Amino acid sequence: MSLINKEISDFSVKAFHHNELTDVSKKDVLGKWSLFFFYPADFTFVCPTELEDLASKYEAFQKAECEIYSVSCDTAFVHKAWHDASEKIAKIKYPMLADPTHVLAKDFDVLIEEAGVAERGAFIVNPEGRIVSYEVTAGNVGRNADELFRKLQACQFVYEHGDEVCPAKWQPGEKTLKPSLDLVGQL
């Protein structure tokens, strides 16, 4: 079953952010764009490369009024220890959500129950708290922050211009399409 347009459930979890432990809940997400970026576990191999890639793109996401939330089933204390131990993770300025009870991994349908970890899932959530884009990738394949950012921009454009759609590889400023009978068979 597709998760597109699914409203995320109420939640409240701990996060490691700006060298502090904080709480993040659904009310913090509503009213702005969000990227929930699930990864299997701290202190692993592919995960730090992805999180560092997102950290390098964080300013662009912020300018686009989108918060990044990285999420694993580790505790906030493990996030802090990883942040202190890894040069790559020390670059992170976005909240690192802790999901040891799997409330988020279950809601976004990425929990690998037998392992107690999350699949690599990236979910763009609109200001109404609805999933508008997502991808789930095999655990041994890293994701690309540039492509996630492009998808965010396309989702934002369509959200604001509901009568237009973004073709493949669309970038802001490029031509969009207005679906109509005249286009059928013309593209």
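Below: a short report on this structure.

Conventions and cut-offs
- Residue positions are given per chain, counted from 1 along the sequence in the order it is written.
- It should be noted that, the model being predicted, local features are given only for residues of pLDDT at least 70 and side-chain atom pairs only at 80 or more, the latter also being counted only at that level, while totals for whole chains, interfaces and linings use all residues.
- The basis for the side-chain values is all heavy atoms of the structure; hydrogens and waters are excluded.
- Per the convention used, a helix needs a DSSP run of H or I reaching at least four residues, while a strand needs a run of E reaching at least two, with both numbered from the N terminus.
- Throughout, radius of gyration means the C-alpha value; the globule benchmark is 2.2 Å times the number of residues raised to the power 0.38.
- When a residue's accessible area, from a 1.4 Å probe over protein chains only, is under 20% of the maximum for its type it is buried; when over 50% it is exposed; and in between it is partly exposed.
- Reported accessibility uses the Shrake-Rupley method at a 1.4 Å probe radius. Residues are deemed covered only where the shown protein chains occlude them.
- Positive charges come from Lys and Arg alone, negative charges from Asp and Glu alone, with His and the N- and C-terminal ends not counted.
- Charged groups are reduced to one reference atom each: NZ for lysine, CZ for arginine, CG for aspartic acid, CD for glutamic acid.
- Only strands joined by at least two bridges in the DSSP assignment are considered to pair.
- By definition here, a salt bridge exists when the distance from a side-chain nitrogen of Lys or Arg to a carboxyl oxygen of Asp or Glu is within 4 Å.
- Between N-to-C directions, angles span 0 to 180 degrees; the directions come from axes that are lines fitted to C-alpha atoms, helices contributing only their stretch in contact.
- Any angle that falls under 35 degrees is termed roughly parallel, while one over 145 is termed roughly antiparallel, one within 65 to 115 roughly perpendicular, and all others oblique.
- Left-handed describes a crossing in which the near helix is turned anticlockwise from the far one by less than a right angle; the clockwise case is right-handed.
- The contact criterion used throughout is that any non-hydrogen atoms of two residues lie within 4.5 Å.

This part takes up the overall build of the chain. What the chain contains, in helices and strands, is 6 helices and 9 strands. Scaling as 2.2 N^0.38, a compact globule of 187 residues should have a C-alpha radius of gyration of about 16 Å, and the chain matches this with 17 Å. Reported as C-alpha extents along the three principal axes, the dimensions of the chain are approximately 55 × 30 × 30 Å. Looking at the chain residue by residue over its 187 residues, the buried ones come to 47%. Element-wise, carbon and sulfur atoms account for 53% of the exposed surface of the chain, whose accessible area totals about 9800 Å². Across the chain, the centroid of the 20 positively charged side chains sits 2 Å from that of the 30 negatively charged ones.

Across 6 bridges, strand β1 (residues 12–17) lies against strand β2 (residues 20–25) in antiparallel orientation. Across the sheet, the residue bridging to V13 is V24, located in β2. In sequence, β1 turns back onto β2 through a hairpin of 2 residues, with H18 there showing a positive phi of about 55 degrees. Bridge count for β1 against strand β5 (residues 96–98) is 2 bridges, and the pairing is antiparallel. Looking at β5, one finds that F16 is bridged to M96.

With that settled, the discussion passes to the pattern of salt bridges. Where charged atoms from two side chains of opposite charge come close, those side chains can pair. In the structure shown here, the tally under the stated rule is 13 salt bridges. Among the ionic pairs, D23 bridges to K14, the shortest N-O distance being 2.8 Å. Using a relative accessible area of 46% as the deciding quantity, one classes K14 as partly exposed. K151 is the salt-bridge partner of E135, the closest N and O atoms lying 2.8 Å from each other. Pair noted here: E135 is in strand β9 (residues 131–137) and K151 is in helix α6 (residues 145–160), with a separation of 16 residues, a long-range link. The exposure class assigned to E135 is partly exposed, which follows from its relative accessible area of 23%.

To characterise two packed helices, one gives the angle between the axes of the helices and the distance between these axes. For the pair helix α2 (residues 46–63) and α6, interaxial distance at closest approach is 9 Å and the crossing angle is 30 degrees. By the angle class used here, α2 and α6 are roughly parallel. The interaxial crossing formed by α2 with α6 has right-handed handedness. Judged by residue contacts, D53, L54, K57, A60 and F61 of α2 engage A145, D146, L148, F149 and L152 from α6.

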